[in-house]
Amino acid sequence: MQPEISPPAEPLCHDCVFGPLIGDGDVMRFVITNSMTIMLVMMLGLIIVGFAVRRSLSTVPGGLQNFMETLIETVDGVVQPALGKYATRLFPLMASFFIFILFANWFSLLPFVGTIGYIEEHGGHDVLIPWLRPATADMNMTLALALLAFLTIHVSGIVSHGPFGHLKALSQNIMLAPIFIIIELFVIVSLSFRLFGNLFAGEVLLGMASWILPIVGVGFYLLEVLFGLIQAIIFTMLTLSFTSVSIGTSEEHA
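Residues numbered from 1 in each chain as written. Predicted model: local features only at pLDDT ≥ 70, side-chain atom pairs only at ≥ 80, totals over all residues. Heavy atoms only, no water.

What follows is about the overall build of the protein chain. Broken down by element type, the protein chain carries seven helices and five strands. Traced from its N-terminal end to its C-terminal end, the protein chain shows the element sequence β-β-β-α-α-α-β-β-α-α-α-α. The contacts in the protein chain between residues at least 6 apart in sequence include a share of 68% that link residues at least 24 apart. For the protein chain, the exposed area adds up to about 14600 Å²; of that, 72% sits on carbon and sulfur atoms. (Helix = DSSP H or I, 4+ residues; strand = E, 2+ residues; numbered from the N terminus. Contact = heavy atoms within 4.5 Å. Areas by Shrake-Rupley, 256 points an atom, 1.4 Å probe, with all protein chains shown as cover.)

Attention now moves to helix α5 (residues 163-171). Among all positions of α5, only His166, Leu170 and Ser171 are buried. Down the axis of α5, the smallest arc covering the buried residues is 120 degrees, so these residues share one side. Exposed residues pointing more than 90 degrees away from the buried face of α5 are listed as Phe164 and Lys168. (Buried < 20%, exposed > 50% of the residue type's maximum accessible area, 1.4 Å probe, protein only. Arc of directions from axis to C-beta.)

Let us now look at the packing of aromatic side chains. To describe a pair of aromatic rings, you give the distance between the ring centres and the angle between the ring planes. Applying the stated criterion across every chain yields a total of three aromatic pairs. Between Phe97 and Phe235 the ring centres are 5.5 Å apart and the planes differ by 55 degrees, which places this aromatic pair in the tilted class. With Phe97 in helix α3 (residues 87-107) and Phe235 in helix α7 (residues 214-247), this residue pair connects regions lying 138 residues apart in the sequence. Of the two residues, Phe97 and Phe235, both sit in the buried class. (Phe/Tyr/Trp six-rings, centres within 6.5 Å; stacked < 30°, edge-to-face > 60°.)

As a further point, take a nonpolar patch on the surface. On the surface, Leu12, Phe112, Ile116 and Trp131 cluster together into a nonpolar patch covering about 380 Å² of accessible area. Overall, the relative accessible area of 34% leaves Ile116 in the partly exposed class. (Patch = residues over 30% accessible without salt bridge, like charges linked within 9 Å, V, L, I, M, F, W, Y side chains within 5 Å. Salt bridge = Lys/Arg side-chain N within 4 Å of Asp/Glu carboxyl O.)

Two elements in contact, α3 and helix α4 (residues 139-161), have axes whose closest approach is 12 Å; the angle formed by their N-to-C orientations is 165 degrees. As summarised for this structure, α3 and α4 are arranged roughly antiparallel, according to the angle between their axes. Seen along the crossing, α3 lies across α4 with a hand that is left-handed. Here Arg89, Leu90, Leu93, Met94, Phe97, Phe100 and Ile101 of α3 come into contact with α4, specifically with Met141, Leu145, Leu148, Ala149, Thr152, Ser156 and Val159. Its residues assigned to classes, the contact of α3 with α4 shows eleven nonpolar, two polar and one charged. (Axes fitted to C-alpha atoms, helices over the stretch in contact; angles between N-to-C directions. Parallel < 35°, antiparallel > 145°, perpendicular 65-115°, else oblique. Left-handed = near helix turned anticlockwise from the far one by under 90°. Nonpolar A, V, L, I, M, F, W, Y, C, P; charged D, E, K, R; others polar.)

Let us now look at the environment of Thr70. On the secondary structure map, Thr70 appears in helix α2 (residues 63-83). Judged by its relative accessible area of 41%, Thr70 is partly exposed. A distance of 2.7 Å separates the side chain of Thr70 from the backbone oxygen of Asn66, its partner in a polar contact. (Polar contact = N/O pair within 3.5 Å; in protein donor to acceptor, adjacent residues only side chain to side chain.)

Attention shifts here to the nonpolar core. Of all hydrophobic cores here, the largest spans 42 residues; its most connected members are Val79, Leu83, Leu145 and Phe235. Going through the elements one at a time, α1 (34-55), α2, α3, α4, α6 (177-212) and α7 are the ones with two or more residues in this core. The biggest single contributor to this core is α3, with 13 residues. (Core = buried A, V, L, I, M, F, W, Y, C linked by side-chain atoms within 4.5 Å.)

Turning our attention to the confidence of the model for the protein chain. Summing up the model confidence of the protein chain, the mean pLDDT is 78 and the portion of residues at 70 or higher is 74%. Every residue in residues 249-254 scores below 50 in pLDDT, and together they form ten contacts with partners more than four places removed in sequence or on other chains. (pLDDT = per-residue confidence, 0-100.)

Before going further, it helps to examine the side chain of Thr152. Its location among the elements puts Thr152 in helix α4. In this structure, Thr152 is in contact with Leu90, Leu93, Met94 and Thr243, ignoring residues within four places of it in sequence.

With that out of the way, let us pick up the side chain of Asn105. Mapped onto the elements, Asn105 comes out in helix α3. According to the relative accessible area criterion, Asn105 is buried, its value standing at 2%. Only 2.9 Å separates the side chain of Asn105 from the backbone oxygen of Gly228, close enough to count as a polar contact. If near-sequence neighbours (up to four positions away) are discounted, Asn105 is found in contact with Thr136, Leu195, Leu199, Gly228, Gln231 and Ala232.

Pasting the structure below:
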């Protein structure tokens, strides 16, 4: 069965309504997509792991605690020198970016993700619409992450320099302010499209390779494990770098 290749996430229920009545028989409609489903599963998994690690904290960490501590310490080692006195305030968000994106990417490699679903006819051909689809291969998810990163960058700058000071530092020249503001807006495009493009391409590549020659798909699968880590690092490092520039150098805020 040929896999479906579609940038938008597919809704799992076309005729279902989720939400309370708001008057005159109307309802608030929420569309549940296949990418939202795996995102919720992934977040639930992270919450369970977090509580499990917290309950079994030890001065001599075991496997799971050691793994999570390594992730946290790695992010902390990068955030502290970059953000100076703002590191403590922004560390939880930077760590959340890294851990969320990393596991969202890796969850896309689990069995049954993108391989089981229902059949629909598209363009005269029967295609498989998966019940589970990688969360970061959905443009809505990567755009939401990029918007949050954009707000973090500029709110940090405003807190550091004040509204007018941040605008002055951002524009450098009042005559060129509109151009610099437009350039800054492209940060949203850059962050969201880079993450989406890489993960969507990986989804398509794995689907086509597994469909044509499964043994080839194994090699691409191993590469996607590495690419998932790299994309989480790139997104977090870019957000961290832009935020550091926005608030000033670490020497200014040490």
